[in-house]
Amino acid sequence: MEDPSLANLGLAPFLIGDVTVTPSALRLSGPKGTCQVEPKVMTLLVVMARRPGELWLRSDLIDNVWPGDLGSDQSLSRAASHLRKALIAPHGMSDAIATVPKLGYRLDAKIATQPGQTRVAVLPFRSLSKDGDQEYFADGLVDELIARLVQVPELMVAGRTSSFQFRNSELILPDIAARLRVDHLIEGSVQHQDEHVRIDICLIDGKTGFETWSYRFAGKVGDMFVSRDEVAAAVTAGLSETLNVAQPALKPRPMTDNRLAYGLYLQGRALTNRAFGEGLLAKAIDLLEQALALDRLGETEIMAQCARRAIALDPSQGHARSMLALQRWTQNDAVGALDLAYEAYRLEPENPDVIIRLGSFLLYCGRTQEALPLIEAAIDRDPVHGRNYAMLCVAHLNLGHAEESIAAGQRMVDLGFPSMLLAAATATAGERELAVQQYWQTRLLMNTVIFPPVGSAPLDADGLDAYWLMAAKGVCSGQEEDRNVYCQLLEMLHVTLHDPFDPSIVMPAVWMGNAPMVFKTLGKQITPANMISLMLIWADVDPIRSVWQHPDFMHFATHIGLVAAWDKYGWPDLLPRPKEGREPSETRGQGDRAEPARRREPQVALGAIRGEPGPQWP
């Protein structure tokens, strides 16, 4: 009988004998050393660990490790061989993986769950300065502290975005801890007057709201700037001792020595993190540019250059790699993007921004079943971030889970995000009129949360209402006339907008199944703004499925690098790997067993891979 405590191992660490298995980091570690394994090898181990000592049939393992991906006996044998080698060296577990000839494999080892991590959240520090304009300095201290705490393996630190949702909150501390799903809260205050600064930090029990530890720094601002790393280290050491967790040797973050540049950087970033109001963005850019002029650490203005610099300063930087991966998508290098995202995840498996980035990339590739656990893990660590629920909404929609998709979409809207994804999920559930109203609500966020396309002037109130009603009906009403009208408008916008690849064109094109528009936008230029549209393609519902079932889809997928990524990391849930020597059209209608809906094939697949003529992509 399956042990219920092991049924949901998922990404949680567990023990095989004295070897710690950390699925999120693809790592096996024990007294004799540490080794890394491939994702599928780790998946095989996690699956077998659910029923240790029991026979797993080869067919069951293939279905669990390669869902919808046409795994083979050969791929299973290879993964089992690699797993056996990983357990033998350096761990000496030569008999852990037993082969049952012609049947399957058995995990002959004792499995135990590992004690869970202590969950903490660092709340935004209060600024007690008289001028009230030093909040950015307090935020900088929080970032320094978070950067330290996330390096402690036994701590799980809530994401900054979620924690900062509770700035100036009127909720009592136990309620905040409950919403952040943490055991302890860290709060503090900064009092800054002239050249003097006082910092108070305390640890709060999440259940009782009582203070269990405190720390104070008092001195001059110059002393604080020089010793800020020592302050963060002292706080981390005190917290670790109080929480009874082991503190490893921590790496300080490389920081500028230019005090003025550091202050300008913190001010500029604080402004960009707010909802942009009139004048805020320009002021933020001005402050950041002043910081760049004063300090060589920030001299590059391109995100990829900044990411490479961060990696050069700290090779263990996972988040920088995940940001660099975004650039790879804009270069039609999906393989490079996934390589970087997996490496980032290996380096920072507890960072919710790194986790959600890998999950989103898998959504782009149509590997929703593999993406879902990552998205859920990111939400677990950063539970008050609307972006994460947007990903969850799309994942459930792509898997055909209408109720779960609507629930995630509603949570996303409650957190201040636009309602278009919620509307798409509602329309899929057949509630067309409600979906139109939800989509139309997006207009209320114009010029506050979302902005007009680059180079276009804001519409007046009447124009805004008319445009969004047309868009809502085109996407959600299910009426062909409404769809055609909005598709014609998208054609005009594609020709006239400063950015012809704007997401305001691409996203509705996907939802309306307008494959030609999808191909001539994403097929010509993927941008950081429009790449989210890639994850919307993979729903098996009308009219969205018209995109991935289009005769030219495989040529498009080859051009933007998806086919290469599928060959390396696995094919989409909706598309089986093509069989050599047979066109997809030959595999249907000839007495073969009917495929489930999620395994439908586009009308052209092998032609694109073989280099046969297709659309001429730029």
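Remember, predicted model here, so these are calculated numbers, not experimental data.

Peer 1: With reference to specific residues and values, describe the overall build of the protein.
Peer 2: Counting its regular elements, the protein contains 27 helices and 14 strands. Expressed as a percentage of its 618 residues, the buried residues of the protein come to 50%. Expressed as a percentage of contacts within the protein between residues at least 6 apart in sequence, the contacts between residues at least 24 apart total 61%. Here the protein has roughly 28000 Å² of accessible surface; of this, 52% comes from carbon and sulfur atoms.

Peer 1: Summarise the nonpolar core; cite the residues concerned and give the values.
Peer 2: Leu185, Trp329, Tyr439, Trp511, Phe553 and Trp566 are the most contacted members of the largest nonpolar core, which totals 117 residues. Those residues in contact with Tyr439, other than ones at most four positions away along the chain, are Ser419, Met420, Ala423, Trp468, Ala471, Ala472, Val475, Cys476, Pro508 and Trp511. Membership of the second largest hydrophobic core comes to 34 residues, among which are Val41, Met48, Trp66 and Ala86.

Peer 1: Mind laying out helix H12 (residues 334–347), listing which residues take part and the relevant values?
Peer 2: Helical geometry note: an α-helix holds 3.6 residues per turn, so side chains three or four residues apart project in the same direction. Taking 1.5 Å of rise per residue, 14 residues should cover 20 Å, and H12 covers 20 Å from first to last C-alpha, within 8% of that figure. The buried count for H12 comes to 10 of 14 residues, which makes it a mostly enclosed element. Buried residues of H12: Ala334, Val335, Gly336, Ala337, Leu338, Leu340, Ala341, Tyr342, Ala344 and Tyr345, and no others. Against helix H1 (39–49), helix H11 (318–330), helix H13 (352–364), helix H14 (368–381) and helix H26 (562–569) lie the buried residues of H12.

Peer 1: For the pairing of strand S13 (residues 196–205), give the residues involved together with the corresponding values.
Peer 2: Buried residues dominate S13, accounting for seven of its 10 residues. Bridge analysis of strand S12 (residues 184–193) against S13 gives 10 bridges, and the strand direction is antiparallel. Bridged to Leu185 within S13 is Ile204. The hairpin formed by S12 and S13 contains two residues between the paired strands, and Asp194 there has a positive phi angle of roughly 55°. With antiparallel pairing between neighbouring strands as the criterion, S13 and strand S14 (residues 211–220) make up a hairpin whose turn holds five residues, including Gly209 at a positive phi of roughly 80°.

Peer 1: Which residues make up the sheet that holds strand S5 (residues 55–57), and what values do they have?
Peer 2: With respect to topology, three strands assemble into an open sheet ordered S5-S7-S6, the strand pairing being antiparallel. A single partner strand is all that each edge strand has here, and the edge strands are S5 and strand S6 (97–100). Direction aside, the axes of adjacent strands within the sheet are offset by 30° on average. Both S6 and strand S7 (residues 104–107) contribute to a ladder of four bridges, which runs antiparallel. Each bridged residue has a counterpart across the sheet, and for Ala98 the counterpart in S7 is Arg106. Strands S6 and S7 of the sheet are contacted by helix H3 (residues 73–88), whose axis makes an angle of about 145° with S6.

Peer 1: So, the confidence of the model for the protein: which residues are in play, and what are the values?
Peer 2: Low pLDDT means the predicted atomic positions in that stretch should not be read closely. On average, residues of the protein score 79 in pLDDT, and 76% of them reach the 70 mark or higher. The weakest mean pLDDT in the protein belongs to helix H27 (residues 606–610) at 32; the strongest belongs to helix H23 (residues 533–536) at 97. Every residue in residues 292–301 is under pLDDT 50, and counting partners more than four places away or in other chains gives 16 contacts. Residue range residues 581–618 is modelled with pLDDT below 50. Its contacts to residues more than four positions away, or to other chains, number 78 contacts.

Peer 1: Outline the pairing of strand S9 (residues 118–122), listing residues and values.
Peer 2: A large share of S9 lies buried, amounting to five of its five residues. Along S9, one buried face is formed by Thr118, Val120 and Val122 and the opposite face, lined by Arg119 and Ala121, is buried too. Note: S9 against strand S11 (residues 155–157), three bridges, orientation parallel. Counted as the bridge partner of Thr118 is Leu155 from S11.

Peer 1: Can you break down helix H15 (residues 386–398) residue by residue, with the values?
Peer 2: Compared with an ideal rise of 1.5 Å per residue, which puts 13 residues at 18 Å, H15 spans 19 Å between its outermost C-alpha atoms and is within 8% of the ideal. Among the residues trailing H15, Gly400 stands out with phi positive, at a value near 80°.

Peer 1: Break down the packing of helix H10 (residues 303–313) against H11 for me, with residues and values.
Peer 2: Describing two packed helices takes the angle between their axes plus the distance from one axis to the other. Packing of H10 against H11 brings their axes to within 9 Å, and their N-to-C directions diverge by 150°. Considering only the axes of H10 and H11, their crossing is left-handed. Here Met303, Ala304, Ala307, Arg308, Ala310 and Ile311 of H10 lie close against H11, whose contacting residues are Ala320, Arg321, Met323, Leu324, Leu326, Gln327 and Arg328. Its residues assigned to classes, the contact of H10 with H11 shows nine nonpolar, one polar and three charged.

Cut-offs applied
- Residues numbered from 1 in each chain as written.
- Predicted model: local features only at pLDDT ≥ 70, side-chain atom pairs only at ≥ 80, totals over all residues.
- Heavy atoms only, no water.
- Helix = DSSP H or I, 4+ residues; strand = E, 2+ residues; numbered from the N terminus.
- Buried < 20%, exposed > 50% of the residue type's maximum accessible area, 1.4 Å probe, protein only.
- Contact = heavy atoms within 4.5 Å.
- Areas by Shrake-Rupley, 256 points an atom, 1.4 Å probe, with all protein chains shown as cover.
- Core = buried A, V, L, I, M, F, W, Y, C linked by side-chain atoms within 4.5 Å.
- Expected span 1.5 Å × (residues − 1).
- Pairing = 2+ DSSP bridges.
- Axes fitted to C-alpha atoms, helices over the stretch in contact; angles between N-to-C directions.
- pLDDT = per-residue confidence, 0-100.
- Left-handed = near helix turned anticlockwise from the far one by under 90°.
- Nonpolar A, V, L, I, M, F, W, Y, C, P; charged D, E, K, R; others polar.

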